[in-house]
Amino acid sequence: MSIDQTYTDKALLQQIADGDEQAFAQLYRHYVPRLEPFIRSITKNESLVTEVIQETFTRLWISREKLTDVEFPQTYIYRTASYVTFHYLRRQTKGQQIIAQLEQTAPGSQNEIQELLTLRDLEKTIQEAIGRLTPAQQKIFRMSRVDGLKIPEIAAQLNISPNTVKNTLVASLKSIRESAEKAGFTISILLCWIFL
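Being a predicted model, the structure only gives us computed values, none of them experimental. (Residues numbered from 1 in each chain as written. Predicted model: local features only at pLDDT ≥ 70, side-chain atom pairs only at ≥ 80, totals over all residues. Heavy atoms only, no water.)

Student: Can you tell me about the packing of aromatic side chains, naming the residues and giving the values?
Tutor: Under the definition given, this model contains four aromatic pairs. Here the aromatic rings of Phe24 and Phe57 are separated by 6.0 Å at their centres, their planes lie at 85°, and the arrangement is edge-to-face. In this pair, Phe24 sits in helix H2 (residues 21-43) while Phe57 sits in helix H3 (residues 46-62), placing the two residues 33 residues apart along the sequence. Ring centres of Phe24 and Trp61 lie 5.2 Å apart, and the angle between their planes is 70°; this geometry places the pair in the edge-to-face category. One end of the pair, Phe24, is in helix H2; the other, Trp61, is in helix H3, with 37 residues separating them in the sequence. The same class applies to Phe24 as to Trp61, namely buried. Taken together, the aromatic side chains of Phe24, Tyr28, Phe57 and Trp61 make up a single cluster linked through ring pairs. (Phe/Tyr/Trp six-rings, centres within 6.5 Å; stacked < 30°, edge-to-face > 60°. Helix = DSSP H or I, 4+ residues; strand = E, 2+ residues; numbered from the N terminus. Buried < 20%, exposed > 50% of the residue type's maximum accessible area, 1.4 Å probe, protein only.)

Student: Talk me through unusual backbone geometry; I want residue IDs and the actual numbers.
Tutor: Unlike most non-glycine residues, Asn159 shows phi in positive territory, near 60°. Within the secondary structure, Asn159 is located in the loop between helix H7 (151-158) and helix H8 (162-182). We classify Asn159 as exposed; its relative accessible area is 71%.

Student: Which residues make up the nonpolar core, and what values go with them?
Tutor: By size, the foremost hydrophobic cluster in this structure holds 26 residues, and its most contacted members are Ile16, Leu27, Leu35, Phe57 and Leu67. For this core, the secondary structure elements donating two or more residues are helix H1 (3-17), H2, H3 and helix H4 (73-105). Core analysis: the next-biggest nonpolar cluster, separate from the first, contains 14 residues, Phe141, Leu169, Leu173 and Ile176 among them. (Core = buried A, V, L, I, M, F, W, Y, C linked by side-chain atoms within 4.5 Å.)

Student: I'd like a rundown of the confidence of the model for the protein, residues and numbers included.
Tutor: In low-pLDDT regions, the fine details of the predicted coordinates are not to be read closely. The pLDDT averaged across the protein works out to 76; a share of 73% of its residues lies at or above 70. Note that residues 105-110 has pLDDT below 50 and, in this model, four contacts with residues that lie over four places away or in other chains. (pLDDT = per-residue confidence, 0-100. Contact = heavy atoms within 4.5 Å.)

Student: An account of the pattern of salt bridges is needed here, citing residue identities and associated values.
Tutor: In the structure shown here, the tally under the stated rule is five salt bridges. Of the charged contacts, one joins Lys166 and Glu21 as a salt bridge, the two residues approaching to 2.9 Å between their closest N and O atoms. Highlighted residues: Lys166 in helix H8 and Glu21 in helix H2, separated in sequence by 145 residues. A relative accessible area of 28% means that Glu21 is categorised as partly exposed. Here Arg177 ties to Glu55 by a salt bridge, and the two come within 3.0 Å at their closest N and O atoms. Highlighted residues: Arg177 in helix H8 and Glu55 in helix H3, separated in sequence by 122 residues. Judged on exposure class, the residue Arg177 and its partner Glu55 are both buried. Three or more residues joined by partner-sharing salt bridges are found here, namely Glu55, Arg59 and Arg177. (Salt bridge = Lys/Arg side-chain N within 4 Å of Asp/Glu carboxyl O.)

Structure, rendered in C-alpha cells:
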C-alpha cells in the first residue's frame, strides 16, 4: 500500500470514529474487493465470504472509537478479517460435530436439524440479551426494531435528542452482538441495523 493510501485510510478511520457513515461506506467499497479473495483463500467456502466481510465491518463500526489509534489501517482491517474468519471456521467445526451427534439419535436431514438448532437458539439468545438491557435501552430498542419508528420519531416521543437515541441503539446492538458471540453466533444482520 502506498503512503498516500495509508494517509487516506487513516483519515477515513478518523471520520468513522466520529460517526461518519459516508466515510465508512467509502472504506467498505475500497476493501471489500481486496478482502474477498483473501477470505476465500482461507475458508475455501464461497458462502462464508459475504458473512465474514459483513461481520468484519460490523466490528469496525461498533468499535469505531478505537480507530483513532490505528497506525496501519490495512494491517488492522486484514487482522480483524482474519480473526473473524477463524472464528467462523471454529464455530462451523463445532456445529458440524453437534449435527453429527444428533443425526445418530434424531430423524431428519442435516439441513432440518441445523435450521432448527440455529433458529431456536438464536431467538433465545437475542431475547435474553434484550432482557439484560437497561429499561431505557429496551424501550428505545423496541420502539425502533418492533414498532419501526425512526430516530427522529423516537426522539420526539421521548423528548430526548436524536443523538441520544442513536447512541442508545448502538450500545444496545453492541450488547446483543456480544451476547450472541459468547453463545457461538454471529449476526450479520446487525450491519444493516446500524444504518437506521
